[in-house]
There are 2 protein chains.
Amino acid sequence: MRFEPVRTVRAYERIVEQIEEAVERGDLRPGERLPSERELMVQFSVSRSTVREALRVLQARGLVRSRPGDPNGAEVQPFTPAALHKSMTTLARVDELSIGELVQFRMVLDSAANLLAARLKTPEQLAEMEAAIAAMRASADQGYETFSAADVAFHDAVARASGNKLIEICNDVVRSIVLNLVAGKLADAPELMERSVRHHEEVLEAVRQGDGQSAARLARQTMYDYYETYVPEAQRDALRALLE
Amino acid sequence: MRFEPVRTVRAYERIVEQIEEAVERGDLRPGERLPSERELMVQFSVSRSTVREALRVLQARGLVRSRPGDPNGAEVQPFTPAALHKSMTTLARVDELSIGELVQFRMVLDSAANLLAARLKTPEQLAEMEAAIAAMRASADQGYETFSAADVAFHDAVARASGNKLIEICNDVVRSIVLNLVAGKLADAPELMERSVRHHEEVLEAVRQGDGQSAARLARQTMYDYYETYVPEAQRDALRALLE
DNA sequence: ATGCATTTGTTCGTATGTATC
DNA sequence: AGATACATACGAACAAATGCA
């Protein structure tokens with residue numbers, strides 16, 4: 001007979017587990033309130049400090065949010081990729097994720113999104129994409145900020161049309177990291193913007209016609225062209241491997 | 001003149017920020033120790049509870065780990081995708097991510113990994129893949145557990161060979177979630193295993209020959225065939241869109 | 001619009017189990 | 001084996017913020 005080593009589990013962890021499970025089971029829905037800290041310390045029969053440590057962890061995971069003085073207790077949050085975003089950002093910073101790897105990942109995701117969108121798009125989603133491109137063209141002379149916002153809107157519409165929430169979320173997270181990295185470096189370059197608009201139109205046309213392969217290939221090419229100059233020469237080869 | 005709204009930032013958050021930045025800057029390297037809680041409460045001039053709440057958050061993010069009685073204080077952890085894994089798991093549970101979406105995401109990632117691996121593989125990595133497939137065949141009659149472990153080893157080797165840590169990590173995270181979901185449902189099916197081994201061999205052959213397109217396509221097909229029966233009929237269409 | 005009661009944020013003091021030297 | 005320093009956990013207290021009558 002062999003015994004398992006006993007894992008000493010902290011009191012606050014058990015509280016986290018219980019509340020986490022309640023949320024995942026759907027017993028606690030977004031918008032609902034947790035009991036007050038004093039009530040929780042009675043229910044779990046622990047001290048207030050322990051309750052608070054548990055709440056801090058839950059808050060860090062984005063499951064609840066508590067404000068000082070709120071008599072209704074902590075609020076259960078709807079899911080946001082904030083926690084996901086946080087850990088990916090630290091990954092990018094601590095583990096020295098290169099800009100090349102990030103752009104490459106975006107190429108993979110955006111490519112897949114376009115492939116699927118070409119097949120699954122609805123007329124409303126097509127209209128969104130068209131509107132986004134129109135906004136891109138209109139803002140070409142209004143500076144990088146506005147242009148970038150329209151660009152983001154287009155890629156978001158495509159990601160939504162893919163019908164895969166995981167693609168949508170990861171796309172969103174990695175994009176914001178990339179945009180943060182190149183922020184400042186990205187000057188206003190009218191000719192670059194204009195070319196980008198043309199490329200996006202080609203992508204959209206392929207999506208409209210349901211030609212997923214072309215849409216995916218064009219999307220990869222578009223992104224490569226757009227970020228090429230910000231990726232160190234040594235890393236570009238790996239990116240070009242996706243273009244063949 | 002416009003003023004910014006004052007965001008009241010909690011004391012423990014500032015502590016989290018400071019330590020987080022120190023880790024991200026590299027001032028605190030994995031393995032190094034934080035000062036003890038009593039020391040920290042002096043340095044930040046806050047109370048013990050506040051320090052502890054900050055440490056709980058940092059621990060939830062996987063940056064540090066503290067154990068009772070350790071005279072050296074909390075230890076800075078090397079980056080692990082544990083936090084990433086956690087938030088993706090809650091995403092899968094709370095936001096009702098379907099098994100179809102998860103498998104589809106794996107198809108996208110694994111496909112990209114194979115495409116890149118075909119181009120960037122080293123002889124050592126090829127040897128790893130060969131060893132993994134050999135282990136798969138050897139364990140075909142030893143039950144699902146051993147077989148699955150060898151299967152994981154193969155996909156891991158490919159992901160590493162892709163040279164993209166983001167692909168590697170996301171692959172790992174999503175795979176473990178999928179395996180968790182189908183756990184139990186997946187009975188021992190010798191003929192399924194045998195077919196899977198053959199498919200993996202075809203993938204490996206394409207990788208060996210540097211034929212990225214074929215490797216990617218075969219990888220998608222292999223995964224689809226393997227998980228098809230566990231994906232509800234209605235969701236399979238979206239998966240098949242990746243096979244054309 | 002003004003208090004009032006309640007809640008969270010934070011502090012301090014204390015007791016207990018535990019790891020290291 | 002003992003001493004020391006540590007994290008864990010408890011409880012009481014005060015300030016600041018919030019919601020409601």
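Quick caveat, the model's predicted, so the values are computed rather than measured.

Undergrad: What exactly am I supposed to notice about the side chain of Asn164 of chain A here?
TA: Mapped onto the elements of the fold, Asn164 of chain A is located in the loop between α7 (144-161) and α8 (165-182). Side-chain polar atoms of Asn164 of chain A contact the backbone oxygen of Glu101 of chain B, separated by 3.1 Å. With sequence-adjacent residues up to four places away left out, Asn164 of chain A is seen in contact with Ala159 of chain A together with Glu101, Gln104 and Phe105 of chain B.

Undergrad: Hey, could you run me through the relation of the copies chain A and chain B in this one?
TA: Two copies of a chain can be linked by a rotation about an axis combined with a shift along that same axis. Here chain A sits on chain B after a turn of 180° about the axis and a move of 0.0 Å along it, with an RMSD of 0.1 Å. Here the symmetry operator amounts to a two-fold rotation axis. Residue by residue, 100% of the interface of chain A is reproduced at the interface of chain B, so both copies engage with the same surface.

Undergrad: Sorry, what's going on with the nonpolar core here?
TA: One broad trend across soluble globular proteins is that nonpolar side chains are buried collectively. Counting residues in each nonpolar core, the largest one holds 114 residues, and the members touching the most others are Met129 and Tyr227 of chain A together with Met129 of chain B. Filtering out sequence-adjacent residues up to four positions away, Met129 of chain B remains in contact with Phe154, Ala157, Val158, Ala161, Leu204 and Val207 of chain B. Val16, Leu34, Leu40 and Ala54 of chain A belong to the second largest nonpolar core, which has 20 residues in total.

Undergrad: What should I look at first to understand the domain arrangement of chain A in this one?
TA: Interfaces are frequently sized by the accessible area removed from exposure as the parts join. Assigned domains within chain A: domain 1 (11-76) and domain 2 (83-241). On a C-alpha basis, the centroid separation for the pair domain 1 of chain A and domain 2 of chain A is 38 Å.

Undergrad: Before we go on, may I ask you to explain the environment of Glu32 of chain B in this structure?
TA: Residues and elements named next belong to chain B. Positionally, Glu32 belongs in the loop between α1 (11-25) and α2 (37-43). Assessed through its relative accessible area of 34%, Glu32 is described here as partly exposed. Each C-alpha atom, one on Glu32 and one on Thr229, is 48 Å from the other, the two residues being 197 residues apart in sequence. Those residues within four positions of Glu32 in sequence are excluded, and the remaining contacts are Asp27, Ala74, Glu75 and Val76.

Undergrad: What is the right way to look at the protein's contact with DNA strand D in this model?
TA: In the region of DNA strand D, 24 residues are neighbours, and Arg10, Ala11, Thr50 and Arg67 of chain A together with Arg48 of chain B sit closest. Near-protein atoms of DNA strand D (within 4 Å) split between backbone and bases, with sugar and phosphate holding 75%. Within the contact set of DNA strand D, a base nitrogen lies 3.3 Å away from a side-chain nitrogen or oxygen of Arg48 of chain B. Mapped by element, the contributors of at least two residues to the surface near DNA strand D are α3 (48-60) of chain A together with α2 and α3 (48-60) of chain B. A breakdown of the residues in the surface near DNA strand D according to their chemical character gives six nonpolar, eight polar and 10 charged.

Reading the values: rules and limits
Residues numbered from 1 in each chain as written. Chains lettered and ligands numbered in written order. Predicted model: local features only at pLDDT ≥ 70, side-chain atom pairs only at ≥ 80, totals over all residues. Heavy atoms only, no water. Helix = DSSP H or I, 4+ residues; strand = E, 2+ residues; numbered from the N terminus. Polar contact = N/O pair within 3.5 Å; in protein donor to acceptor, adjacent residues only side chain to side chain. Contact = heavy atoms within 4.5 Å. Least-squares fit on C-alpha atoms with pLDDT ≥ 70 in both. Core = buried A, V, L, I, M, F, W, Y, C linked by side-chain atoms within 4.5 Å. Buried < 20%, exposed > 50% of the residue type's maximum accessible area, 1.4 Å probe, protein only. Domains from an automatic or database assignment. Near = heavy atom within 4 Å. Nonpolar A, V, L, I, M, F, W, Y, C, P; charged D, E, K, R; others polar.

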